[in-house]
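What the coordinates show
Listed below are the residues making up each chain.
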Amino acid sequence: MSQLFSPLTVRAVEVRNRLWVAPMCQYSAREGVPNDWHLVHLAQFASGGAGLVMAEATAVVPEGRITPDDTGIWNDEQRDAWRPIVTAIHDRGAVAAIQLAHAGRKASTYPPFAPSRGTVPAEEGGWRPLAPSAVAFDGYTRPDELDAAQIDALVDAFADGARRSVEAGFDVLEIHAAHGYLLHEFLSPLSNQRTDAYGGSLENRARLLLRIVESVRAAAPDAPLFVRFSATDWADGGWDVADTATVSTWARERGADLVDVSSGGLVAHQSITTGPGYQVPFAREIRRATGLPTSAVGEITSGTQAEDILAAGDADAIMAGREWLRDPHFGLRAADELGEDATIWPPQYVRARRR
Ligand SMILES: Cc1cc2nc3c(=O)[nH]c(=O)nc-3n(C[C@H](O)[C@H](O)[C@H](O)COP(=O)(O)O)c2cc1C
């Protein structure tokens, strides 16, 4: 059996294989409530062989949405709308995960497929973004700086989101601390200019994330908990892979189980070199430095490429995003590529198998 199609157990949750679906915003919700788009979108990947299907960046408070059309988990109506989606994922054999998020200074923007760019104004349903410091992302409006009471409220909001997620049936929770959104903005000195207990030293910049890890762990004691980091800002003076490893270790002490290793998104002047598997070296470094399980993501598009990453000991699981959009049955294709037997194929589809 390939490593890609061997199960992985995190806490008490067994995932049937290590080819997972990365969180991908659909900008298709109303008032944060997911609908049949999200159900069909996410369930098809489970039919297509994914071991774990992660729902998109889901806001824990309304002002934490990237766009007005993001999903949310800040009220019970949203929780109840997630339930049939989770059931559809489970019925097709996959584990259901959700990414808990706050967009910080990159909140209240237009969806990428809208004709306009930048910050959505109040008259079109936008709001004033909140961030660690009143420093704008290039091209977006200047955010307001969060005060101590607002920070405390956020810790509770993530915990409430975690509790509702478990009530909705999600097996796995992920805290979004990547891509230049709120928690990454606290971590990086390029966006955090605070002079209180949440700014300055690495300990201070990591304080909010670590409080949230603790509160989510307390609210969902049994759920496997992932943290998605951007391992580098790809910019001078920014957050880097050594910082990510250190804070990952602190997060583990507070209950995190796996590091989902992405990169970038904090500043518009980032200088990224992409290509097949371009973020895998970061997953490798964090795995080796911390001993924590990692998932690798970024331009991983075939079963053999994914298998090679696992065989090299660079990661414990593979996440893919765009390849699942191109081919929602990526998992079935990867299984055939690696010579796996047909058990991952839904019996309804086996007549289409090419071997
Ligand atoms: C349409 C789309 C939406 C995305 N939304 C999210 C998101 O909600 N949260 C997140 O952490 N990353 C998001 N990403 C990034 C993906 O999770 C993934 O890290 C990235 O696409 C690189 O992997 P890939 O090369 O396999 O697509 C998104 C990517 C795409 C293409």
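Quick caveat, the model's predicted, so the values are computed rather than measured. All residue numbers here refer to positions counted from 1 along the written sequence of the relevant chain. Only residues with pLDDT of at least 70 are given local features in this predicted model, and only at 80 or more are side-chain atom pairs given and counted; all residues enter the totals for whole chains, interfaces and linings. In computing side-chain values, all of the structure's heavy atoms are included and hydrogens and water are not.

**Some points on the packing of aromatic side chains**
Any two of the Phe, Tyr and Trp rings considered here, Trp counted by its six-membered ring, make a pair once their centres fall within 6.5 Å; the pair's planes then place it as stacked at under 30 degrees, edge-to-face at over 60, or tilted in between. Overall, the coordinates contain eight aromatic pairs when judged by the stated rule. A centroid spacing of 5.7 Å and a plane angle of 10° characterise the contact between Trp20 and Phe226, whose relative ring orientation is stacked. Remark: Phe226 occurs in strand E9 (residues 225–230) and Trp20 occurs in strand E3 (residues 19–21); sequence separation between them is 206 residues. Both residues of the pair, Trp20 and Phe226, count as buried. When the centroid spacing of 5.8 Å and the interplanar angle of 65° are considered together, the rings of Phe45 and Trp324 count as edge-to-face. Of this pair, Phe45 sits in helix H1 (residues 36–47) while Trp324 sits in helix H9 (residues 322–326); the two residues are 279 residues apart in sequence, bridging distant segments of the chain. Aromatic rings pair up to connect Phe45, Trp324 and Phe330 into one cluster. Lying over the aromatic face of Phe137, Lys106 brings its terminal NZ or CZ to 5.0 Å of the ring centre. The ring of Tyr181 carries Lys106 above its face, with NZ or CZ at 4.7 Å from the centroid. Under the DSSP-based scheme used, a helix requires at least four consecutive residues in state H or I and a strand at least two consecutive residues in state E, with every element numbered from the N terminus. Residue exposure (1.4 Å probe, protein chains only): buried if accessible area is under 20% of the type maximum, exposed if over 50%, otherwise partly exposed. A ring has a charge above it when a Lys NZ or an Arg CZ is no more than 6 Å from the ring centre and no more than 35 degrees off the ring normal.

**Re the site of the ligand**
Each residue is tested against the molecule or strand, and it is near if at least one of its non-hydrogen atoms lies within 4 Å. Surveying the vicinity of the ligand reveals 15 residues, the closest of which are Pro23, Gln99, Glu299, Gly321 and Arg322. Polar contact criterion, stated in full: a pair of N or O atoms within 3.5 Å, where within protein one must be able to donate a hydrogen and the other to accept it, and residues adjacent in sequence count only if both atoms are side-chain atoms. Cys25 is positioned with one of its backbone polar atoms (N or O) 2.8 Å from a nitrogen atom of the ligand. Note that a nitrogen atom of the ligand is positioned 2.8 Å from one of the side-chain N or O atoms of Gln99. Coverage of the ligand by the protein chains reaches 82% of its 610 Å² of free accessible surface. Amino acids are sorted into nonpolar (Ala, Val, Leu, Ile, Met, Phe, Trp, Tyr, Cys and Pro), charged (Asp, Glu, Lys and Arg) and polar (every other residue, Gly among them). Taken together, the residues of the shell around the ligand sort by class into seven nonpolar, five polar and three charged. Computed with a 1.4 Å probe, the accessible areas rest on the Shrake-Rupley method; for each residue, only the protein chains presented here act as cover.

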